Amino acid sequence: MDPFRNERQGRYRPKVPKRIPRMIPDDRFNEIFAALGSNRDRALASMFRFGR
């Protein structure tokens, strides 16, 4: 048998992943939207922002 190791987390206890924010602030979205170069990119950004 292996000797006991003092580990911070259990060996079979995986870390819970950090959640990705589901929404960005409106002013930040407006900056990104204005920086996009084509209407296609703006349409995709709008779809991901407002589409469900």
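## Here's the deal with the overall build of the protein
Link 1 in the chain: When helices and strands are counted, the protein shows 2 helices and 0 strands.
Link 2 in the chain: The proportion of buried residues among the 52 residues of the protein is 6%.
Link 3 in the chain: A total accessible area of about 5900 Å² is found for the protein, and carbon and sulfur atoms account for 56% of it.

## Concerning the pattern of salt bridges
Link 1 in the chain: A complete count under the given rule lists 2 salt bridges for this structure.
Link 2 in the chain: One salt bridge connects Glu-31 with Arg-28, and the closest N-O pair in it is separated by 3.1 Å. In this pair, Glu-31 and Arg-28 both sit in helix 1 (residues 26-35), 3 residues apart, roughly one turn of the helix.
Link 3 in the chain: Residue Glu-31 is classed as partly exposed on the basis of its relative accessible area, which comes to 48%.
Link 4 in the chain: Residue Arg-28 is classed as partly exposed on the basis of its relative accessible area of 44%.

## Some points on the environment of Arg-49
Link 1 in the chain: Considering the arrangement of structural elements, one finds Arg-49 in helix 2 (residues 39-50).
Link 2 in the chain: Its relative accessible area of 18% is what places Arg-49 among the buried residues.
Link 3 in the chain: Once the C-alpha coordinates of Arg-49 and Ile-24 are considered, the two residues, 25 residues apart in sequence, prove to be 8.7 Å apart.
Link 4 in the chain: Excluding residues that lie within four positions of it along the chain, Arg-49 makes contacts with Met-23, Ile-24, Pro-25, Asp-26 and Phe-29.

## Notes on the packing of helix 1 against helix 2
Link 1 in the chain: Running from amino to carboxyl end, helix 1 crosses helix 2 at an angle of 160 degrees, the nearest separation of the two axes being 10 Å. Accordingly, the angle class assigned to the pair helix 1 and helix 2 is roughly antiparallel. The two elements helix 1 and helix 2 meet at a crossing, and its hand is right-handed. Together, Asp-26, Phe-29 and Phe-33 of helix 1 and Arg-42, Ala-45, Ser-46, Arg-49 and Phe-50 of helix 2 make up the contact between the two elements.
Link 2 in the chain: Per-class residue counts for the contact of helix 1 with helix 2 are 4 nonpolar, 1 polar and 3 charged.

Conventions and cut-offs
Residues numbered from 1 in each chain as written. Predicted model: local features only at pLDDT ≥ 70, side-chain atom pairs only at ≥ 80, totals over all residues. Heavy atoms only, no water. Helix = DSSP H or I, 4+ residues; strand = E, 2+ residues; numbered from the N terminus. Buried < 20%, exposed > 50% of the residue type's maximum accessible area, 1.4 Å probe, protein only. Areas by Shrake-Rupley, 256 points an atom, 1.4 Å probe, with all protein chains shown as cover. Salt bridge = Lys/Arg side-chain N within 4 Å of Asp/Glu carboxyl O. Contact = heavy atoms within 4.5 Å. Axes fitted to C-alpha atoms, helices over the stretch in contact; angles between N-to-C directions. Parallel < 35°, antiparallel > 145°, perpendicular 65-115°, else oblique. Left-handed = near helix turned anticlockwise from the far one by under 90°. Nonpolar A, V, L, I, M, F, W, Y, C, P; charged D, E, K, R; others polar.

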